[in-house]
Each structure stands twice: as structure tokens, then as C-alpha cells.
Amino acid sequence: MTRPASGAPHDDSGPSIRPAERADLLAVTHIENESFAQPWPYDAFDRFLGEPGFLIALEGGEVAGYIVADVTRNFGRSLGHVKDIAVHPDHRGAGVGSLLLSRALAVLTAHGADSVKLEVRRSNDGAKRLYRQFGFEPLRFVPDYYGDNEDAIVMIRKLG
């Protein structure tokens, strides 16, 4: 069970999305640890606080999921990067990941990104399916990208 987020509404009208706050980080780290074999540490999330693309989904007053994304300038272009996304096991399959990704893409677009990239484990069929639904296409493989020697697929989507 995740800890209720501070100031969170306590209704059942579906997930709401807002920027992550320091008070959310323990719940975010808990979801990360339950979701990935090689989770990000607390400090990694702390460094992204204040980024417009670090969003959380609240469901019933609890952190149900999160996304970390940002925009970098590269050769005169602005590239969005989805760095991390996860949904608490109790909330998977209810559209929380889609809602987070949709909102993050809007934020990245508003901050000038003309395309967005992400990396996904070659074996993560569920995530690849979600990203394809949002128009992401495979760009290239990165051998041994993950610490357990699994390859990553870099996927990209044009915005606008």
C-alpha cells in the first residue's frame, strides 16, 4: 500500500495528475522498487523535483504511479526524454500509465520538444505496446544497456 500524498483529494473519480512534490518521493521510490529489478535510488528522483515532466498520478489519495521526463537542447532542436515511468501493481491495467504518458507528452510539447525518446527493455512487451499506442517507433537497439546485460530499444515519437 502506498502512503497517501499530502494534500491529495480523497475521492474516487479516477486518477488525477500533478507535479511531484518532496512528500511524494517515498511512495515513488516504493513503486520504483516494486516495479524494477534495478530501481533508481531515492536521490535520483530528488534531483528531478521541479522538472515540469516529473508527474505523479493520485488515485484515492495515494500515489498510484509517476513519470519522469525532461527536455534537452541538442543541435538546435529540443528533445524530450521519458526517463522513467511506473505504476503501482495495485493500479496497473486501469489506464494510469496512459494518463501519465499523455500528460507528460503535453508538458514536453509545451516546453518546446519537437520529438520524444525513451528506452525500454527488449523483453518488456507491455511497455512497448503502450509506447506504440502513443506513436513511438523503434529507432535502434542498445546492447547491454541495462545492468543485467539486457538490450534496450530506443523508441522515438515526433511531436506536433
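See above for the structure.
Rules behind the numbers
- Residues numbered from 1 in each chain as written.
- Predicted model: local features only at pLDDT ≥ 70, side-chain atom pairs only at ≥ 80, totals over all residues.
- Heavy atoms only, no water.
- Helix = DSSP H or I, 4+ residues; strand = E, 2+ residues; numbered from the N terminus.
- Expected span 1.5 Å × (residues − 1).
- Buried < 20%, exposed > 50% of the residue type's maximum accessible area, 1.4 Å probe, protein only.
- Arc of directions from axis to C-beta.
- Contact = heavy atoms within 4.5 Å.
- Phe/Tyr/Trp six-rings, centres within 6.5 Å; stacked < 30°, edge-to-face > 60°.
- Lys NZ or Arg CZ within 6 Å of the ring centre and 35° of its normal.
- Pairing = 2+ DSSP bridges.
- Salt bridge = Lys/Arg side-chain N within 4 Å of Asp/Glu carboxyl O.

Caption draft 1: Structural detail: helix 3 (residues 96-110). Its 15 residues give helix 3 an end-to-end C-alpha distance of 21 Å, which sits within 8% of 21 Å, the value for a rise of 1.5 Å per residue. Of all the residues in helix 3, the buried ones are V96, G97, L100, L101, A104, L105, V107 and L108. One face of helix 3 carries all of its buried residues, which in axial projection span an arc of 160°. Remark: G112 follows helix 3 within two positions and exhibits a positive phi of approximately 95°.

Caption draft 2: Layout of helix 1 (residues 25-35). Of all the residues in helix 1, the buried ones are L25, A27, V28, T29, I31 and E32. Turning to helix 1, the residues buried within the fold contact helix 2 (42-48), strand 2 (53-59), strand 3 (62-74) and strand 4 (77-87).

Caption draft 3: Fine view of the packing of aromatic side chains. In the structure shown here, the tally under the stated rule is 6 aromatic pairs. Between the aromatic rings of F45 and F54, the centroid separation amounts to 6.1 Å while the plane-to-plane angle is 35°, which identifies the pairing as tilted. When the ring of Y145 is compared with that of Y146, the centres are 4.9 Å apart and the planes differ by 80°; the resulting orientation is edge-to-face. Given the relative accessible area of 40%, Y145 is considered partly exposed. Its relative accessible area of 18% is what places Y146 among the buried residues. In textbook terms, an aromatic cluster arises when at least three aromatic residues are bridged by ring pairs, as seen for W40, F45, F48, F54 and Y66. Just above the ring of Y146 sits the side chain of R121; from NZ or CZ to the centre is 4.2 Å. The aromatic ring of F141 is capped on one face by R122, whose charged end is 4.0 Å from the ring centroid.

Caption draft 4: Up close: unusual backbone geometry. You will see that F75, though not glycine, has its phi angle at about 55°, which is positive. One can find F75 in the loop between strand 3 and strand 4. The phi torsion at N149 lies on the positive side, around 75°, for a residue other than glycine. Following the sequence through the fold, N149 ends up in the loop between strand 6 (137-142) and strand 7 (152-158).

Caption draft 5: Inspection of the pairing of strand 7 at higher detail. Two elements, strand 5 (residues 115-121) and strand 7, share 7 bridges in a ladder whose sense is antiparallel. Among the inter-strand pairings, L118 is bridged to a residue of strand 7, identified as M155. As paired strands, strand 6 and strand 7 are joined by 5 bridges and run antiparallel to one another. Paired with V142 across the bridge in strand 7 is A152.

Caption draft 6: Geometry of the pattern of salt bridges. Applying the stated criterion to the full structure yields 10 salt bridges. A salt bridge links K83 to D70; its shortest N-O distance comes to 3.7 Å. With K83 in strand 4 and D70 in strand 3, the pair connects residues that are 13 residues apart, well separated along the chain. One salt bridge connects R77 with D114, and the closest N-O pair in it is separated by 3.4 Å. Of the two residues, R77 sits in strand 4 while D114 sits in the loop between helix 3 and strand 5, which places them 37 residues apart along the sequence. Given a relative accessible area of 43%, R77 falls into the partly exposed group. Salt bridges linked by common partners bring R18, E21 and D24 together as one network.

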